[in-house]
Amino acid sequence: MGAVTADSTPASYDAYAETTADPRFTDWLRERSEPAWTDAITHRFTRELGAGTLDEDVYATYLVQDYAFLEALVGTFGFAVGQAPEIEAKRPLIEFLETITGEENDYFRRSFDALDVPDGRWSDPDRSPTAAALVDLLGRAAREGGYAETLAVLVPAEWIYREWATAVATEYGDPDTEPPSDGADLPFYYAEWIDLHAVGSFVAFVDELRDQLDAIGAECSPRRQRRVEELFRRTVDLEVAFFEECYESAEGDDRR
């Protein structure tokens, strides 16, 4: 059997569901985003991070831009809380907001110190073209659509990180170990970034998001499903571009 690609996956969810055992809307979206999906979860950035060989200038550039993206991400999750249909759907979003505004924010600050990133560089950075495009996509999906459109951007953004982080953790041994990076000889700023996205609570959170998009997406009209697919695919493409851009930006960055 050949590799899964967007061209080999039915263009409509209904057609996909008719030919697939136990179809999931998010699986259809993932397959429609190939080969960019595989490029994202197996990118050299994530492989080098997991091996501890990632250039620290590249990682510092990445963290600065990811931190610049964080505020928009928090805003979109907050918007999603309002869009979510019931308390059960709102609860995991609220809990995740607590994590990224607390534990994850603290991680960024400690990592900037350890990597000698000046305050002026991370506190008010100019967003890179790809980071700016991601922020714009998040905002437009939330403002111009409904809950399905918001999830169409949030789900791949978080799911990609779960996939590469759990794959990396598996290389260290049992991915269910807490923390997942246990046994790896890595600086904390690599180890904790893996742990944040491979830990059991985050894995479960991504499952929750997928379940919500599965339910709402399958009930959308074909036209709206195509819009959701476009947003999902665009997010995946930008995640790949974001990893690549960090290498390119670090090469010409003399601010450190």
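Here is what the cut-offs are and how they apply
- Residues numbered from 1 in each chain as written.
- Predicted model: local features only at pLDDT ≥ 70, side-chain atom pairs only at ≥ 80, totals over all residues.
- Heavy atoms only, no water.
- Core = buried A, V, L, I, M, F, W, Y, C linked by side-chain atoms within 4.5 Å.
- Buried < 20%, exposed > 50% of the residue type's maximum accessible area, 1.4 Å probe, protein only.
- Contact = heavy atoms within 4.5 Å.
- Phe/Tyr/Trp six-rings, centres within 6.5 Å; stacked < 30°, edge-to-face > 60°.
- Helix = DSSP H or I, 4+ residues; strand = E, 2+ residues; numbered from the N terminus.
- Axes fitted to C-alpha atoms, helices over the stretch in contact; angles between N-to-C directions.
- Left-handed = near helix turned anticlockwise from the far one by under 90°.
- Nonpolar A, V, L, I, M, F, W, Y, C, P; charged D, E, K, R; others polar.
- Patch = residues over 30% accessible without salt bridge, like charges linked within 9 Å, V, L, I, M, F, W, Y side chains within 5 Å.
- Areas by Shrake-Rupley, 256 points an atom, 1.4 Å probe, with all protein chains shown as cover.
- Salt bridge = Lys/Arg side-chain N within 4 Å of Asp/Glu carboxyl O.
- Lys, Arg positive; Asp, Glu negative; His and termini not counted.
- Charge placed at Lys NZ, Arg CZ, Asp CG, Glu CD.

A.B. asks: I tried to follow the nonpolar core on my own but got confused; where do I start?
C.D. replies: Core analysis: the largest hydrophobic core is formed by 81 residues, its most contacted members being Tyr59, Tyr62, Trp164 and Trp193. The residues contacting tyrosine 59, other than those within four sequence positions of it, are Phe45, Leu49, Leu54, Tyr107, Leu115, Tyr189, Tyr190 and Trp193.

A.B. asks: Explain the packing of aromatic side chains here, please?
C.D. replies: Ring pairs (aromatic) are described by centroid distance and by the angle formed between their planes. One pass over the structure, following the stated rule, counts 35 aromatic pairs. Centroid distance tyrosine 62 to phenylalanine 242: 5.7 Å. Interplanar angle 50°. Geometry classified as tilted. With a gap of 180 residues between them, tyrosine 62 in helix H5 (residues 56–83) and phenylalanine 242 in helix H13 (residues 222–251) connect regions that are remote in the sequence. Judged by relative accessible area, which is 0%, tyrosine 62 ranks as buried.

A.B. asks: How do you make sense of the packing of helix H10 (residues 147–172) against helix H11 (residues 188–198) when you look at a structure like this?
C.D. replies: Relative placement of two packed helices is described by the angle separating their axes and the distance separating the axes. Their axes nearest at 8 Å, the elements H10 and H11 cross at an angle of 115°. H10 and H11 meet at a crossing whose hand is left-handed. Facing H10, whose interface residues are Tyr161, Arg162, Trp164, Ala165, Thr166, Val168, Ala169 and Tyr172, H11 presents Trp193, Ile194, His197 and Ala198. Counted by class, the contact of H10 with H11 contains nine nonpolar, two polar and one charged residues.

A.B. asks: What's the story with a negative patch on the surface in this structure? I'm lost.
C.D. replies: A contiguous patch of negative charge, built from Asp55, Glu56, Asp113, Asp116 and Asp119, is present on the exposed surface. Tracing the backbone through its elements, the reader meets aspartate 119 in helix H8 (residues 119–123).

A.B. asks: Which parts of the structure should I look at to understand the pattern of salt bridges?
C.D. replies: Where charged atoms from two side chains of opposite charge come close, those side chains can pair. Considering all chains together, one arrives at 14 salt bridges under this definition. Between arginine 210 and aspartate 27 there is a salt bridge whose closest N-O contact spans 2.9 Å. Residue arginine 210 is located in helix H12 (residues 200–218), and its partner aspartate 27 is located in helix H2 (residues 25–32); the two are separated by 183 residues in the primary sequence. Both residues of the pair, arginine 210 and aspartate 27, belong to the buried class. The partner of arginine 44 in a salt bridge is glutamate 244, and the shortest N-O contact between them spans 4.0 Å. Note that arginine 44 is positioned in helix H4 (residues 44–51) and glutamate 244 in helix H13, a separation of 200 residues in sequence.

Any link to function would need more than the numbers given here.
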